[in-house]
Amino acid sequence: MWEFLFGVLVGLFVYKWWTYPRAKSVVPGLNKEVFLDHKEEVELYYNTLSSCSQKVRACLAEAGVKFRGIHKVLPSSGSFETKTAEYLRINPAGTVPVLVHKGHPVYESHEQIKYIEKNLLPEGLSLSPKDPEQHAEMLSLIDDSSMIFTDEASSDPPAFLRRRFGNCLGPMTFPLFCAKTVLYFDLTSAVQYISMIPFVSDMKMIVMTIAFYIYGPEAFGKVSVLGKMACLVPDAIDYHLQQLEKTLKKNNGPYIFGEDYTLADIGYVPIFQRMEYARWWPQFQAKYPLVTKYWKAIQARPGYVASKPDKEMEHTLTSCGRLIDDWKKNNQIIKAIYNGNSF
Ligand SMILES: N[C@@H](CCC(=O)N[C@@H](CS)C(=O)NCC(=O)O)C(=O)O
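Predicted model, so just to flag it, every value in this text is computed and none were measured.

Asker: What's the story with the nonpolar core in this structure? I'm lost.
Answerer: Membership of the largest hydrophobic core comes to 81 residues, with the highest contact counts inside it found for F165, F220, F272 and M275. Top contributing element to this core by residue count: helix α14 (residues 263–277), with nine residues. No fewer than three residues from each of domain 1 (15–128) and domain 2 (152–339) sit in this core. With 11 residues, the next largest nonpolar core counts I70, L74, V96 and V100 among its residues.

Pasting the structure below:
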């Protein structure tokens, strides 16, 4: 009898494991041949904490485009809503954001902002410089602020982080995720996480969260790949801010191309925002006065304000920031990470 029941359970597990949909890559940009159910002309699948989503929300807000937002909770907040069969039909990559225009999805946030600028701006509004040379420079800066995973992330992490400022988003967020896990993760979420291990193709997030749950900041010492990557962050941020300081000097501000606020500026919004929540700014403010002034100018824009995380998440992130500040004073590992020292 017990053997039979055990056999049925194993069979059910193998069936679920075999048939469970796995995320796969997508073609960036507009996928005209895909048609999705939709209620509004413009829809955005997003998450309130997601950096890439914030970039697109900042762009839609600047453009004054009305859209229907569909919020999805991410694995980092304890849910696998972006990995369900239903969601993988919307985005086979299993990530947010996805911009949907008249039922056709546009994948990758850097492509989405270019698509908005080209197709959804109201008459008379522009989010790119007119000068062709500056336009080319804007495209290169959009690329710099994009988060694009390649094999370089594991083969040569320092080069990967220098390749694009956007590539630093994940590792610069590690301390924030650690604080969020320590403060808000509970046993039920841990069990749910562990039960998902056989079903997701990328287990990095699960392993990292469980390590933070068990060890707190000491996880950076226990899981060496995590600690090594985190220690590279200050040097990479410094490198990118140095470039940006030079770029800002060229055109005299307040924005990258002078008075015109463009997609290049919008691309950096989530990076600066994440530096704020993960408490990276204090150590760079004095060294990069033009970037600091630039970030202040961006923060005064209603488009930026509309793109911020919702009030509840903002409150959560502020509490996490306080814990990070405390760790920066009292925890040797976090101190070393923020100073870029290995341990
Ligand atoms: N290169 C993609 C990255 C998308 C991405 O990784 N999004 C994150 C949030 S910022 C996500 O959905 N993470 C959940 C997961 O990977 O399961 C883009 O720019 O749109």
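There's plenty left to go through after this.
Asker: Help me out: how do you make sense of the sheet that holds strand β1 (residues 29–30) in this one?
Answerer: In sheet architecture, strand pairing relies on hydrogen bonds along the backbone and comes in two forms, parallel and antiparallel. Read across the sheet, five strands follow the order β1-β5-β4-β2-β3 without closing on themselves; strand pairing throughout is mixed. If you trace the sheet from one side to the other, it starts and ends with β1 and β3 (68–71), each paired once. Here strand β2 (residues 42–46) runs beside β3; their pairing, made up of four bridges, is parallel. Residue pairing for β3: Y45 is matched across the bridge by I70. Together, β2 and β4 (98–101) form the strand contacts of helix α2 (residues 51–63), whose direction differs from that of β2 by roughly 150°.

Asker: So what exactly am I meant to see when it comes to the pairing of strand β5 (residues 104–107) here?
Answerer: Consecutive side chains of a regular strand alternate in pointing toward one face of the sheet and then the other. Where burial is concerned, the two faces of β5 agree: the one with H104 and V106 and the one with P105 and Y107 are both buried. Summarising the sheet, β1 and β5 pair through two bridges and their orientation is antiparallel. Note on β5: the bridge partner recorded for G29 is Y107. Both β4 and β5 contribute to a ladder of four bridges, which runs antiparallel. Within the sheet, the bridge partner assigned to V98 lies in β5 and is Y107. Hairpin geometry of β4 and β5 is characterised by an intervening segment of two residues between the two adjacent antiparallel strands and by a positive phi of about 50° at K102.

Asker: Explanation requested: the pattern of salt bridges in the structure shown.
Answerer: One side chain can pair with another of opposite charge once the charged atoms of both are near each other. Under the criterion given, the structure shown has 10 salt bridges. Across the pair E43 and R68 runs a salt bridge, and its minimum N-O distance is 2.7 Å. Residue E43 is located in strand β2, and its partner R68 is located in strand β3; the two are separated by 25 residues in the primary sequence.

Asker: Where do I start with the environment of A336 in this structure?
Answerer: Mapping A336 onto the fold places it in helix α18 (residues 332–339). On a C-alpha basis, the gap between A336 and A230 in space is 9.6 Å, while along the polypeptide they are 106 residues apart. Every residue in contact with A336, bar those within four places of it in the chain, is listed here: N341 and F343.

Asker: So what exactly am I meant to see when it comes to the state of the cysteines here?
Answerer: A covalent bond bridging the sulfur atoms of two cysteines is what the word disulfide describes. Scanning the entire structure with this criterion turns up zero disulfides. Cysteine C59 remains unbridged, with the sulfur of C52 as its closest cysteine sulfur at 14 Å. Residue C59 is classed as buried on the basis of its relative accessible area, which comes to 0%. With no disulfide partner, C231 has as its closest neighbouring cysteine sulfur the one in C178, 13 Å distant. With relative accessibility at 10%, the residue C231 sits in the buried group.

Asker: How should the site of the ligand be read in this particular structure?
Answerer: If you check the shell around the ligand, you find 13 residues, and the closest are K83, V96, E108, S109 and M147. S109 is positioned with one of its side-chain polar atoms (N or O) 2.7 Å from an oxygen atom of the ligand. M147 places a main-chain nitrogen or oxygen 2.9 Å from a nitrogen atom of the ligand. For the ligand, whose free accessible area comes to 510 Å², the fraction covered by protein is 80%. In the shell around the ligand, the residues fall into six nonpolar, five polar and two charged.

Asker: Can you walk me through the packing of aromatic side chains in this structure?
Answerer: Working definition: an aromatic ring pair is given by the centre-to-centre distance plus the angle between the planes. The final tally for this structure, using the stated rule, is 14 aromatic pairs. Between the aromatic rings of F272 and W281, the centroid separation amounts to 5.4 Å while the plane-to-plane angle is 55°, which identifies the pairing as tilted. The same class applies to F272 and to W281, which are both buried. Linked through ring pairs, F165, Y268, F272, W281, Y294, W295 and Y304 together constitute an aromatic cluster. Across the ring face of Y261, the terminal group of R301 is positioned such that the distance to the ring centre comes to 3.8 Å.

Asker: Please clarify how the packing of α2 against helix α4 (residues 109–119) should be interpreted in this entry.
Answerer: Helix-helix packing is characterised by the crossing angle of the two axes and by the distance between the axes. Running from N to C, α2 and α4 point in directions that differ by 10°, and their axes come no closer than 9 Å. Comparing their axes, α4 and α2 come out roughly parallel. Facing C52, K55, V56, C59, L60 and A63 of α2, the residues of α4 in contact are S109, H110, Q112, I113 and I116.

Parameters and conventions
Residues numbered from 1 in each chain as written. Predicted model: local features only at pLDDT ≥ 70, side-chain atom pairs only at ≥ 80, totals over all residues. Heavy atoms only, no water. Core = buried A, V, L, I, M, F, W, Y, C linked by side-chain atoms within 4.5 Å. Buried < 20%, exposed > 50% of the residue type's maximum accessible area, 1.4 Å probe, protein only. Helix = DSSP H or I, 4+ residues; strand = E, 2+ residues; numbered from the N terminus. Domains from an automatic or database assignment. Pairing = 2+ DSSP bridges. Contact = heavy atoms within 4.5 Å. Axes fitted to C-alpha atoms, helices over the stretch in contact; angles between N-to-C directions. Salt bridge = Lys/Arg side-chain N within 4 Å of Asp/Glu carboxyl O. Disulfide = S-S within 2.5 Å. Near = heavy atom within 4 Å. Polar contact = N/O pair within 3.5 Å; in protein donor to acceptor, adjacent residues only side chain to side chain. Areas by Shrake-Rupley, 256 points an atom, 1.4 Å probe, with all protein chains shown as cover. Nonpolar A, V, L, I, M, F, W, Y, C, P; charged D, E, K, R; others polar. Phe/Tyr/Trp six-rings, centres within 6.5 Å; stacked < 30°, edge-to-face > 60°. Lys NZ or Arg CZ within 6 Å of the ring centre and 35° of its normal. Parallel < 35°, antiparallel > 145°, perpendicular 65-115°, else oblique.

These figures come from the coordinates and say nothing about function on their own.
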